[in-house]
Amino acid sequence: MTKPLRILVVEDEMTIALLIEDMLTDMGHEVVALAMRLKPALEQAEVADIDFAILDINLDGSPSFPVADVLMRRGVPFTFASGYGSTGLDPAYKQHRVVRKPFQAQDLERAIEQTA
Amino acid sequence: MDGERANEAAAHAVAFPVGGGELGELIRNYDWASTSLGPIESWPQSLRTATDIVLQSPLPLVMLWGSDGIMIYNDPYSVFAGQRHPQLLGSKVLEGWVEVADFNAEVMRVGLAGGTLSFKDQELTLYRNNRPEQVWMDLNYSPVMDESGKPAGVLAIVVETTAVIEADSRRAIAEAKVRESEERFRALVNATSDVVYRMSPDWTEMRALDGRGFLTDTASPSVAWLDEYLFDDEQTTVLQVVKQAIEAKDVFQLEHRLRRADGSAGWTLSRAIPLLAEDGEIIEWFGAASDVTARHEAEEHLRLVINELNHRVKNNLAIIQAIGAQTFRNVDDLTKAQANFVARIQALAKANDLLTNEHWVDASMQVAIETALQPHRPDDPSRCLVEGPSVRLSAKTALSLSMAFHELATNAVKYGAWANDAGKVSVTWRVDVSDTGRQLHLEWRETGGPPVVSPQRRGFGSRLIERGLAAELEGQVKMTFEPEGVACHVDAPLRAPDNG
């Protein structure tokens with residue numbers, strides 16, 4: 001187990017957001033913020049007291065890259081999550097890890113260990 | 001006197017006819033005594049003179065002497081006569097040219113009566129070389145007088161014009177073919193809806209382009225065609241394929257983007273062939289370009305639809321995974337959990353159906369809620385009230401709302417207002433409009449069910465509603481477990497479905 005992290009989850013699909021929350025809780029982490037649309041995600045990325053973030057690439061039609069920009073500026077590590085796989089990734093963010101949906105707890109855990 | 005006569009006779013024997021080439025020689029040696037002309041020494045001066053004229057002429061001449069039309073001709077005529085020569089010499093004209101005897105009989109009749117005849121490009125069928133030949137000739141006949149001043153023979157100038165006539169005829173046929181071909185070509189150009197164009201051998205200059213409304217016309221040669229028809233980023237590709245076609249002197253074919261007559265971008269399938277000279281060099285390129293914009297747009301649309309479908313399928317699989325993980329988490333009764341799982345998947349499938357019917361653009365809140373409640377609600381319509389103003393939801397919000405109401409409905413069936421025969425559920429909402437936007441107030445209220453016991457542990461259903469739906473709507477969602485019935489209050493800003 002890695003050390004407990006304070007995590008922002010950005011995921012526009014309600015049931016998946018709850019699943020990710022459960023997975024993270026089971027790993028001993030704490031989901032301090034959950035955002036499902038771009039605007040609240042940007043607000044949380046700016047202010048939330050977090051060590052890590054999981055970003056769905058597509059937020060009901062809007063790419064989440066502006067959120068990634070804020071996190072990079074703050075130096076908060078993160079991983080992308082996407083049903084598109086890495087093909088949905090803007091070339092500017094190619095260096096970031098993408099967890100492909102649907103994923104299992106181990107996939108998420110490995111991504112956190114290698115990124116956080 | 002006698003000596004003079006003898007000398008004169010000797011001079012005749014040696015000198016007549018003087019020269020005259022092959023025919024002169026043949027005439028000198030011919031046995032004229034066997035003909036109606038008699039021995040050559042006895043010929044009258046008029047016949048001698050006429051014979052000299054015939055032999056000295058560069059034109060094909062033949063003289064028909066006497067009523068028999070005995071033939072005397074020159075070297076040029078012998079060429080015309082073909083294999084009939086030399087038998088023709090000294091023969092009667094009607095026997096010598098049996099196949100045109102009627103024609104020559106008329107010539108003799110007119111000529112010996114002192115008349116002349118002229119024929120321009122007269123067509124005759126002759127057997128000069130043992131086979132019928134169609135020939136054309138310019139024929140001019142004039143009478144030749146004897147010492148008494150009466151016509152004794154007919155002089156004919158025979159110029160064959162067959163080669164000229166045949167050349168004219170060939171040219172006329174060729175011209176007709178070219179005209180026909182041009183007409184067919186013009187018909188094809190008019191019939192096709194394709195753009196038609198012509199390019200210089202190296203494609204630096206466009207000679208003409210008929211744009212058919214798809215592209216701007218180029219009426220006179222232009223070197224600016226590249227910028228006229230092609231966007232900057234397309235030029236390199238097109239020129240590359242052009243270069244290959246020129247090098248190979250073979251078909252140019254490319255499907256590419258271009259600037260349409262109205263300035264917008266379109267797609268064309270363009271094909272050009274090189275027209276080659278006899279030496280193999282390219283004279284010009286002739287091309288046709290069809291408008292394939294609609295097909296391209298359809299393909300692009302299809303690609304987007306497939307991508308979107310792929311995304312939705314994967315998303316649904318992820319949702320099902322999430323539902324499965326949540327439903328089977330910490331369960332005591334596996335059979336019950338399996339039934340819950342199936343019911344949740346069915347709710348998801350129904351929500352998908354609803355959104356497919358609405359083309360995944362947006363959905364009515366009323367329909368989304370009624371669809372979610374439909375499998376669970378009692379038949380009695382008074383036990384389920386769904387009422388509020390028209391509100392459109394984005395596809396994603398509608399899906400989340402459906403899942404949340406499925407959870408509320410199953411809870412009502414198991415423990416709440418729909419667990420007995422009398423309880424009622426009312427779902428009502430209103431929309432408040434203020435300076436900050438539109439605010440949705442929605443209430444789920446159960447009445448008349450068995451007394452409510454507040455749950456010791458919050459399950460997936462209530463987490464989905466309170467945490468999930470709240471985040472989805474970016475608002476507050478609160479469930480209360482009062483003894484008279486479960487209630488759920490939603491307060492959320494309403495966004496337009498398209499920017500949700």
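Note that the structure is a prediction, hence the values are computed from the model and not measured.

A.B. asks: What exactly am I supposed to notice about the interface of chain A and chain B here?
C.D. replies: When the parts come together, some accessible area is lost, and that loss is often what is quoted as the size of the interface. In this assembly, 19 residues from chain A lie in contact with 25 residues from chain B. Mapped by element, the contributors of at least two residues to the side of chain A that touches chain B are α1 (14-26) and β2 (30-35) of chain A. In terms of residues, the side of chain A that touches chain B owes the most to one element, α1 of chain A, which gives seven residues. Class assignment for the residues of the side of chain A that touches chain B results in 11 nonpolar, two polar and six charged.

A.B. asks: Looking at this structure, I do not really get the confidence of the model for chain B. What am I missing?
C.D. replies: Where the model shows low pLDDT, its predicted coordinates should not be examined in detail. Residue and element names in this part refer to chain B. In the predicted model, chain B carries a mean pLDDT of 89, and the fraction of residues at 70 or more is 95%. When mean pLDDT is taken per element in chain B, strand β2 (residues 70-73) scores highest with 96 and helix α1 (residues 2-15) scores lowest with 54. With pTM at 0.58, the complex prediction returns an ipTM value of 0.83.

A.B. asks: Looking at this structure, how should I read the packing of helix α2 (residues 38-47) of chain A against helix α3 (residues 65-74) of chain A?
C.D. replies: Any two packed helices are characterised by the angle at which their axes cross and by the distance between the axes. All names here are of chain A. Closest axis-to-axis distance for the α2/α3 pair is 9 Å, and the angle between their directions is 5°. Regarding the angle of α2 to α3, the classification is roughly parallel. Residues Leu38, Ala41, Leu42, Ala45 and Glu46 of α2 touch α3, and the partners they reach there are Pro66, Val67, Val70 and Leu71. Here the residues of the contact of α2 with α3 sort into eight nonpolar, no polar and one charged.

A.B. asks: Any chance you could explain the sheet that holds β2 of chain B here in plain terms?
C.D. replies: Residues and elements named next belong to chain B. As summarised here, the arrangement of the five strands in space is β2-β1-β5-β4-β3, forming an open sheet in which the pairing is antiparallel. This sheet does not close on itself; its edge strands, each paired only once, are β2 and β3 (117-126). Between one strand and the next, the sheet's axes are offset by a mean angle of 30°, whatever the strand orientation. Here strand β4 (residues 133-145) pairs with strand β5 (residues 151-160) via nine bridges, running antiparallel. Note that in β5 the partner of Ser142 across the bridge is Leu155. Together, β1 (61-65), β2, β4 and β5 form the strand contacts of helix α3 (residues 45-56), whose direction differs from that of β1 by roughly 160°.

A.B. asks: Even after reading the chapter, I still don't get helix α12 (residues 365-373) of chain B, so can you show me in this structure?
C.D. replies: Along an α-helix, residues three or four positions apart point the same way, because every turn accommodates 3.6 residues. Buried within α12 of chain B we find Met365, Ala368, Ile369, Thr371, Ala372 and Leu373 of chain B. Packing partners of the buried residues in α12 of chain B comprise α11 (334-357), β11 (362-364), β12 (384-387), β13 (392-394), α13 (395-414) and β14 (424-434) of chain B.

Conventions adopted
Residues numbered from 1 in each chain as written. Chains lettered and ligands numbered in written order. Predicted model: local features only at pLDDT ≥ 70, side-chain atom pairs only at ≥ 80, totals over all residues. Contact = placed C-beta atoms within 7 Å. Helix = DSSP H or I, 4+ residues; strand = E, 2+ residues; numbered from the N terminus. Nonpolar A, V, L, I, M, F, W, Y, C, P; charged D, E, K, R; others polar. pLDDT = per-residue confidence, 0-100. Axes fitted to C-alpha atoms, helices over the stretch in contact; angles between N-to-C directions. Parallel < 35°, antiparallel > 145°, perpendicular 65-115°, else oblique. Pairing = 2+ DSSP bridges. Buried ≥ 20, exposed ≤ 12 C-beta atoms within 10 Å, placed from the backbone.

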